[in-house]
Amino acid sequence: MDFKQLEAYVAVVEWKSFSEAAKKMYLTQPTISSHIRTLENELNTTLLIRTTKHLEMTEEGKYLYQEAKKLLRLRTRIYDHFSQNDKGVIRLGASTIPGTYLLPHVLPSFQKKYPVQRFELWQSDSIGVIEQLREGSLDLGLVGTRLNDPSLTFLPFAKDELVIATPATDYYRKLQKENADIFRLIKEPIILRENNSGTRKEAAMFLERLHIDSSALHVVAQMNDQEMIKSSIRNGLGISILSGYSVQKEEKDGSLLVFHLGNYSSYRNLYIVYENNKKLPNYIQQFIHMICNMFHSTP
């Protein structure tokens, strides 16, 4: 048994496919199959049940998956601890807002000042990024919500205003001129983000603070893609509570109307998150400092 075999097994489990695991590891599918077969022969057990449509772990396979993840995390920590090179790889996860609207400005600036071999970027919702960080697959996460987890540090680095985006029609222009408030706007058909989205969680807490019953909303759609939501708003499907960062361009060019909520304005923190017990290499600490400096927070 070696690390390559364990990495192959973990990849197959997580991608639920031998072919996808091969793509992600830049290996051939026969090589991946050989690694799994060798593991099963050496351990004298069946790890995966393969059918034409499904791939499932056996009970022994579930045990190996959990232990393999621990071993791979430990290997990463050992390499990180003994690494003396200030140039390396930054494995970075980001939720939609920081990943789509903030990182494209941060990465070029950092690369010019502190060249690294490469960034390995992975985008998901906030909960997905945090889960990958817990499993040791990432060095840092940039997320839009905070969990009560004592094993993780959540460092605020930017403030994001929650706004309401609407179609740029005469109807909504009239509401904007009338300074319609949240209590009026929330009666409109509304598009929500997916459940694990940081924006969705913050919007739910915002409505709760105003004693607005989320179950009474006229929800016409739920989507996990920010650009799809904005396109749907433009085409008249409904309105949505969105990140202010995500609609800066549309507010400027007039393709969407953006309602800032005045006395009811709500701001949420965006966070850099990392493991408490992991020693961060100098280049990752430099990356954290640059993000905080760019958005005027204190690391």
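Check the entry above for the structure.
The rules behind each value
- Residues numbered from 1 in each chain as written.
- Predicted model: local features only at pLDDT ≥ 70, side-chain atom pairs only at ≥ 80, totals over all residues.
- Heavy atoms only, no water.
- Helix = DSSP H or I, 4+ residues; strand = E, 2+ residues; numbered from the N terminus.
- Buried < 20%, exposed > 50% of the residue type's maximum accessible area, 1.4 Å probe, protein only.
- Contact = heavy atoms within 4.5 Å.
- Areas by Shrake-Rupley, 256 points an atom, 1.4 Å probe, with all protein chains shown as cover.
- Lys, Arg positive; Asp, Glu negative; His and termini not counted.
- Charge placed at Lys NZ, Arg CZ, Asp CG, Glu CD.
- Polar contact = N/O pair within 3.5 Å; in protein donor to acceptor, adjacent residues only side chain to side chain.
- Salt bridge = Lys/Arg side-chain N within 4 Å of Asp/Glu carboxyl O.

Asker: Requested: an account of the overall build of the protein chain, with residues and values cited.
Answerer: Across its full length, the protein chain carries twelve helices and eleven strands. Its C-alpha atoms give the protein chain principal-axis dimensions of roughly 70 × 50 × 35 Å. Across the 299 residues that make up the protein chain, the buried fraction comes to 49%. Sequence separation of 24 or more characterises 73% of the internal contacts of the protein chain that already satisfy a separation of 6 or more. When the accessible surface of the protein chain is split by element, carbon and sulfur atoms take 50% of a total near 16000 Å². The averaged location of the 34 negative side-chain charges in the protein chain is 4 Å from the averaged location of its 37 positive side-chain charges.

Asker: Please give an account of helix α6 (residues 126-134) that cites residues and values.
Answerer: Counting buried positions over the nine residues of α6 gives seven, a clear majority of the element. Of the positions making up α6, those classed as buried are S126, I127, G128, V129, I130, Q132 and L133. Where α6 is buried, its residues meet β3 (89-94), β4 (118-123), β5 (140-143), β6 (152-167), α9 (198-209) and β11 (266-275). At the N-terminal boundary of α6, the capping side chain belongs to D125, with an oxygen 3.3 Å from the backbone nitrogen of I127.

Asker: Tell me about the pattern of salt bridges, residues and numbers included.
Answerer: Going through the model one piece at a time under the given rule, you end up with 18 salt bridges. One salt bridge connects K70 with E67, and the closest N-O pair in it is separated by 3.3 Å. Taken together, the residues K70 and E67, both in helix α4 (residues 59-82) and three residues apart, mark about one turn of the helix. With a relative accessible area of 45%, K70 lands in the partly exposed category.

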